[in-house]
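Geometric and topological summary
The primary structure of each chain is shown beneath.
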Amino acid sequence: QVQLVESGGGLVQAGGSLRLSCAASGRTFSSYAMGWFRQAPGKEREFVVGISRSGGSTYYADSVKGRFTISRDNAKNTVYLQMNSLKPEDTAVYYCAADKSYTAQVTGVMPGISSVDYWGKGTLVTVSS
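Here's what I pulled together on the structure shown here. (Residues numbered from 1 in each chain as written. Predicted model: local features only at pLDDT ≥ 70, side-chain atom pairs only at ≥ 80, totals over all residues. Heavy atoms only, no water.)

**Structural notes on the overall build of the protein chain**
Here is the rule we go by: Only DSSP runs of H or I covering at least 4 residues are called helices, and only runs of E covering at least 2 are called strands; the numbering of each starts at the N terminus. Throughout, the radius of gyration refers to the C-alpha atoms, and the reference size of a globule is 2.2 Å times the residue count to the power 0.38. Under the scheme applied here, a residue whose accessible area is under 20% of the maximum for its type counts as buried, over 50% as exposed, and between as partly exposed, the area being computed with a 1.4 Å probe on protein chains only. Every residue pair with non-hydrogen atoms within 4.5 Å of one another is taken to be in contact. Computed with the Shrake-Rupley method and a 1.4 Å probe, the accessible areas treat only the protein chains shown as cover for residues. Asp and Glu count as negative and Lys and Arg as positive, but His and the ends of the chain are not part of the count. In this description, the location of a charge corresponds to atom NZ of lysine, CZ of arginine, CG of aspartate or CD of glutamate.
Counting secondary structure elements, the protein chain contains one helix and eleven strands. Order of helices (α) and strands (β) in the protein chain, N terminus to C terminus: β-β-β-β-β-β-β-β-β-α-β-β. For the protein chain, the C-alpha radius of gyration of 13 Å lies close to 14 Å, the compact-globule estimate for 129 residues. Counting the 129 residues in the protein chain, one finds 47% classified as buried. Taking the intrachain contacts of the protein chain between residues at least 6 apart in sequence as the baseline, contacts between residues at least 24 apart amount to 59%. Within the structure as shown, the protein chain displays about 6,500 Å² of accessible surface, and the carbon and sulfur contribution to it stands at 47%. Between the mean site of the 13 positive side-chain charges and the mean site of the 9 negative ones, the protein chain shows a separation of 6 Å.

Here it is, written out as structure tokens:
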């Protein structure tokens, strides 16, 4: 069993930055690819960024490429999401996700919501214009 707890969300002006953290319980953190999904009001949950179990491979959705950076510290059981140049369209609840599928472990790409093994409860990011 893995528990994921997000922190770092909040209200920021457009162009600003936030750093999200996701702390995982358990001793198997390094066995999972980690990632962040987000869900805006009235929209489906979407995969935004992912990182392989080793941290050597990452994936970014086109909408955040060049602005967001994912990293992980396996010694601290924590994954981070640095978000820069935030836009109002980045407003959403951000969910931390752990995925043990082979594809995700190697590439950081999570095939879909159904492949995620564990979810955090989410943290709200609001970007004002």
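After presenting the structure, the write-up continues.
**Let's talk about the packing of aromatic side chains**
Selection rule: Two rings from Phe, Tyr or Trp (for Trp, the six-membered ring) form a pair when their centres sit within 6.5 Å of each other. Planes less than 30 degrees apart are called stacked, planes more than 60 degrees apart edge-to-face, and all others tilted. Cation placement over rings: the criterion is NZ of Lys or CZ of Arg within 6 Å of the ring centroid and within 35° of the ring normal.
Considering all chains together, one arrives at five aromatic pairs under this definition. When the ring of Y32 is compared with that of Y118, the centres are 5.9 Å apart and the planes differ by 70°; the resulting orientation is edge-to-face. Of this pair, Y32 sits in the loop between β3 (18-24) and β4 (33-39) while Y118 sits in strand β10 (residues 118-119), placing them 86 residues apart in sequence. Of the two residues examined, Y32 and Y118, each falls in the buried class. Members of the aromatic cluster, connected to one another through ring pairs, are F37, F47, Y59, Y95 and W119. A cation over an aromatic ring shows up here: R45 above the ring of Y95, its NZ or CZ 3.6 Å from the ring centre. Sitting over the ring of W119, R45 keeps its end group 4.7 Å from the ring centre.

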